[in-house]
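Analysis of the macromolecular model
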Amino acid sequence: MKCLLLLLFASLALLSCKPAGGTASSNSGKPKVALVMKSLANEFFQTMAEGAKKHQAAHAGDYELLVNGIKNETDLAEQVGLVDQMMSQGVQAIVIAPADSKALVTVLKRAKEAGVLVINIDNKLDEDTLKQAGLSVPFVGPDNRAGAKAVGEVLAKKLKAGDEVAIIEGVTTAFNGQQRKAGFEDAMNAAGMKIVASQSGQWEMEKANGVAAGILAANPNVKALLCANDNMALGAAAAVQAAGKAGQVQIIGFDNIAALKPLLADGRVLATCDQHGDKLAVFGIEAALKVLKEKTTPADQQTPVDVVVK
């Protein structure tokens, strides 16, 4: 009997050490904030992570930070799993750049029902899917359509009406990819360009390289490739070089990653759009901390985008 009682007390002690769900406080009493990003193979999200870590180091007394990312841009199951892991670790807020605008809504609804604050950054969740789920999630991020249109307008000045151009899209189910494509189309249609192809490079350099090579082969008169992120612009630039068309085909991108700077400097890429990746997660984290502290209703917040040339 004595042994049974000891085992019972030991079991109760172990249970008392587990987090009490999504609203469990950290041992320090500071709120725990989870940053859940897309592919850490993409320099943009590496930059985002570093910016978040620097902000936390400068505000170490205010909150704890858990930084997570997936292996590739399309691994939705892994990102869903990360959200579940963050809930099990007792975070008070999740700041997420969803890999898909619809597929993450279900798990984020679970998080919110568990008492976790959710802030959406970078890629906006689909409004209809949120509505169907009865979920309200604030978006803190840029106007991707306006940014893509602005960088597209820089390109338009280098071309003439009637010139053939092609778009290399991001993941087609991602809202930011859809918006960047729309922004490119806005700029090209307004300038009278002929869009002869629009295909997905899934945000990845290697895939975009193959897509660009195919477009160039099928459309020998293409004068420009409009890439929905800089990773894909790098792949497109390599395809242009391999096709012997350096200087004949203009390229634009989106993100302003460090790896693109040499190509901007020597003209292999005309322009990109800076959505300030080092600050984007910070904007989301600060919004989350404000809501947690002041018990306010979270609201959308538009963040800056700027065109970058040489």
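A brief report on the enclosed structure follows. (Residues numbered from 1 in each chain as written. Predicted model: local features only at pLDDT ≥ 70, side-chain atom pairs only at ≥ 80, totals over all residues. Heavy atoms only, no water.)

**Looking at the pattern of salt bridges**
Note the cut-off: The rule for a salt bridge is simple: a side-chain nitrogen of Lys or Arg has to be within 4 Å of a carboxyl oxygen of Asp or Glu. Where helices and strands are cited, they refer to DSSP runs of H or I of at least four residues and of E of at least two residues respectively, numbered from the N terminus. Any residue under 20% of the maximum accessible area for its type is buried, any over 50% is exposed, and the rest in between are partly exposed; the area is computed with a 1.4 Å probe on protein chains only.
In total, this model carries 10 salt bridges according to the counting rule given. A salt bridge links D84 to R110; the shortest N-O distance between them is 3.1 Å. Highlighted residues: D84 in helix α3 (residues 76-88) and R110 in helix α4 (residues 105-113), separated in sequence by 26 residues. Given the relative accessible area of 37%, R110 is considered partly exposed. One salt bridge in this structure joins E204 and K207, with 3.8 Å as the shortest N-O distance. Classification of K207 as partly exposed rests on a relative accessible area of 38%.

**Overview of the sheet that holds strand β2 (residues 64-70)**
Rules: Strands were regarded as paired on the criterion that DSSP finds at least two bridges between them.
The sheet built from six strands is open, its strands ordered β2-β1-β3-β4-β5-β11 with parallel pairing. Looking at strand neighbours, the two that pair on one side only are β2 and β11 (301-302), the edges of this open sheet. In this structure, strand β1 (residues 32-39) lies alongside β2, joined through six bridges in parallel fashion. Paired with K32 across the strands is E64, a residue of β2.

**Things to note about the pairing of strand β4 (residues 117-121)**
Here is the rule: Seen with the strands pointing away from the viewer, any crossover whose path from the first strand over the helix to the second strand runs clockwise is right-handed.
Counting buried positions along β4 yields five of five residues, so the element is predominantly enclosed. Every second residue of β4 is oriented toward a common face, with L117, I119 and I121 on one face and V118 and N120 on the other, all of them buried. Each parallel crossover has a hand, and for strand β3 (residues 93-96) linked through α4 to β4 it is right-handed. Sheet topology places β4 next to strand β5 (residues 139-141); two bridges connect them, and they run parallel. Within β5, the position partnered with I121 by the bridge is V140. The parallel pair β4 and β5, bridged by helix α5 (residues 127-133), forms a crossover whose chirality is right-handed.

**What about α4?**
To be explicit about the condition: The arc refers to the directions leading from the helix axis to the C-beta atoms. Contact criterion: two residues are considered in contact whenever any of their non-hydrogen atoms come within 4.5 Å of each other.
When we look at burial in α4, the residues that qualify are V105, V107, L108 and A111. For α4, the arc enclosing every buried residue in end-on projection is 160°, short of the 170-degree limit, so these residues lie on one face. When the buried face of α4 is taken as reference, the exposed residues oriented beyond 90 degrees from it are T106 and E113. Turning to α4, the residues buried within the fold contact α3, β3, β4 and α5.

**Details of the sheet that holds strand β6 (residues 164-169)**
The test is simple: Note on geometry: axes are lines fitted to C-alpha atoms, helical ones only across the stretch in contact, with angles between N-to-C directions running from 0 to 180 degrees.
The four strands lie next to each other as β7-β6-β8-β9, forming an open sheet whose pairing is parallel. Two strands in the sheet have a free side with no partner beyond their single neighbour: β7 (194-200) and β9 (250-252). If you compare each strand with its neighbour and ignore which way they point, the axes differ by 15° on average. Summarising the sheet, strand β8 (residues 222-227) and β9 pair through three bridges and their orientation is parallel. Bridging from a neighbouring strand, A224 pairs with Q250 of β9. Along the sheet, helix α7 (residues 175-191) makes contact with β6, β7, β8 and β9, crossing β6 at roughly 170°. Strands β6, β7 and β8 of the sheet are contacted by helix α8 (residues 205-218), whose axis makes an angle of about 160° with β6.

**Let's talk about unusual backbone geometry**
A negative phi angle is the norm for most residues apart from glycine, just as the trans form is the norm for most peptide bonds. A positive phi is found at Q202, a non-glycine position, where the angle reads about 55°. Relative to the helices and strands, Q202 is located in the loop between β7 and α8. On the basis of relative accessibility, which here comes to 29%, the residue Q202 falls in the partly exposed class.

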